[in-house]
Amino acid sequence: MTSTLSDTDRPALTPAFQKIGTARKVRNAVATILVWLSFLIALVPLVWVLYTVIANGIKRIPYSNWWSQDFGSVLSDEVGGGVLHAIIGTLEQGLVCAVIAVPIGLLVAIYLVEYGARSKLAKITTFMVDILSGVPSIVAALFIYALWITTLGLPRSGFAVSLALVLLMIPVVVRSAEEMLQIVPDDLREASYALGVPKWKTIMRVVLPTALSGIISGVMMALARVMGETAPLLVLVGYSAYVNWDLFDHEQASLPLLMNNERATNTMDPGSVGFDRIWGAALTLIIIIALINLLATLISRVVAPKKK
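Residues numbered from 1 in each chain as written. Predicted model: local features only at pLDDT ≥ 70, side-chain atom pairs only at ≥ 80, totals over all residues. Heavy atoms only, no water.

A. Focus on the packing of aromatic side chains. Inspection of the entire model under this criterion finds six aromatic pairs. Taking 5.4 Å as the distance between ring centres and 50 degrees as the angle between the ring planes, the aromatic pair formed by W148 and F159 counts as tilted. Of the two residues, W148 sits in helix α5 (residues 137–151) while F159 sits in helix α6 (residues 158–182), which places them eleven residues apart along the sequence. Given a relative accessible area of 18%, W148 falls into the buried group. Judged by its relative accessible area of 15%, F159 falls in the buried class. The interplanar angle of 55 degrees and the centroid separation of 6.1 Å between the aromatic rings of F275 and W279 together place this pair among those described as tilted. Of this pair, F275 and W279 both sit in helix α11 (residues 273–303), four residues apart, which is roughly one turn of the helix. For F275, a relative accessible area of 13% translates into the label buried. (Phe/Tyr/Trp six-rings, centres within 6.5 Å; stacked < 30°, edge-to-face > 60°. Helix = DSSP H or I, 4+ residues; strand = E, 2+ residues; numbered from the N terminus. Buried < 20%, exposed > 50% of the residue type's maximum accessible area, 1.4 Å probe, protein only.)

B. Representation of the packing of helix α4 (residues 120–133) against α6 in the model. Two elements in contact, α4 and α6, have axes separated by 8 Å at closest approach and are oriented at 130 degrees. Looking at the two axes, α4 sits oblique to α6. Of the two elements, α4 crosses α6, and the hand of that crossing is left-handed. Counted together, T126, V129, D130, L132 and S133 of α4 and L167, P171, V174 and R175 of α6 form the full contact between these two elements. Here the residues of the contact of α4 with α6 sort into five nonpolar, two polar and two charged. (Axes fitted to C-alpha atoms, helices over the stretch in contact; angles between N-to-C directions. Parallel < 35°, antiparallel > 145°, perpendicular 65-115°, else oblique. Left-handed = near helix turned anticlockwise from the far one by under 90°. Contact = heavy atoms within 4.5 Å. Nonpolar A, V, L, I, M, F, W, Y, C, P; charged D, E, K, R; others polar.)

C. Region of the structure containing the environment of Q93. Considering the arrangement of structural elements, one finds Q93 in helix α3 (residues 84–116). Taking the C-alpha atoms as reference points, Q93 and S254, separated by 161 residues in sequence, lie 8.6 Å from one another. If we skip the residues at most four places from it in the chain, Q93 touches G158, V161, S162, L233, L247, Q252, A253 and S254.

Quick look at the structure:
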C-alpha cells in the first residue's frame, strides 16, 4: 500500500537565494564607509610627509653635482657639493647587510616551515625571532659596539654598522619568508614526494620558486627599513665629507648620518644651506628606496609562477 502526498501536504522548501534585508544593506554600507574613511585617514599623514619632503628637497635634486660630488671640497655653510659619498656609504652598508641577513633569515624560515614543525628548537627559534624583532636599533648598535669594538678592539667602520643592521633585518626576513612558504599549497609538496623527489630538492625546485616572488618583496621591505636607521650610524661610525669606499676602515658617510651632521653643524632656517641639504638628502633616500622597491617588483613579476 502506497501513499502519496498532495501538493498541499508537501513541506515548503526554503528558497536558495533570499532577498537581502534592509538592515543588512545598511550595515554593509556603514562598514564600507568606515573602511574607506579609515583608509583615507591613514593616507593623510603619508601624503603630507611625501609632499613636505618633495617640496623642501626638490631644490637640490635636479643638479648633476648633487649626485656626482661630495661635500669635501666645500665649507659646511657654502652652497655646492653633493651626496655621492653618502649614497655610496648607504648602498654599501645596506648591500653587505643584505648579503649576510638574507641567507640566514631564509634558512631559518625554511627550517621553521619545512623541518621544525612543532619541535622544541622551532619554538625556541620562533621565540627568539619575536624578541629580536622588538629590539630597538640603539640596543643592536650597543651590542655590536661592545663585541666588535670594545672586545675585539676593531675600529669603528661601516662594516660594524652593517653587522648592527643585520640584527634588525633578520627577523623581518624570517617572518616574511615564513609567511610566503606557509601559503605554498601542500599539494605541490605531496605531488613532488609522490614522484620520488627528495625533500631538499622539493624545497629547492618546487617550494622556493613558488614563494620566491613574495620572499623578494619581503627582503626589499626589510632592506628599506634598515637603510633608514640612524642609531647604529651614530654609535659605530663617524661622518666623513669625502667618498670612502673602504667599508672596514675610517669614517664613512651615509644619508641618515649626513642629515644628522648637517642638523648639528648648520642652522635649520628655511632657505639655508643646512636646511636644503637635509631635505635633499631625505628626498634622495626616498628615491633610492623607491627605486629598490620598483626593481624588486619587476623581479617578482619575472620570477612569479606563470599562469595560463
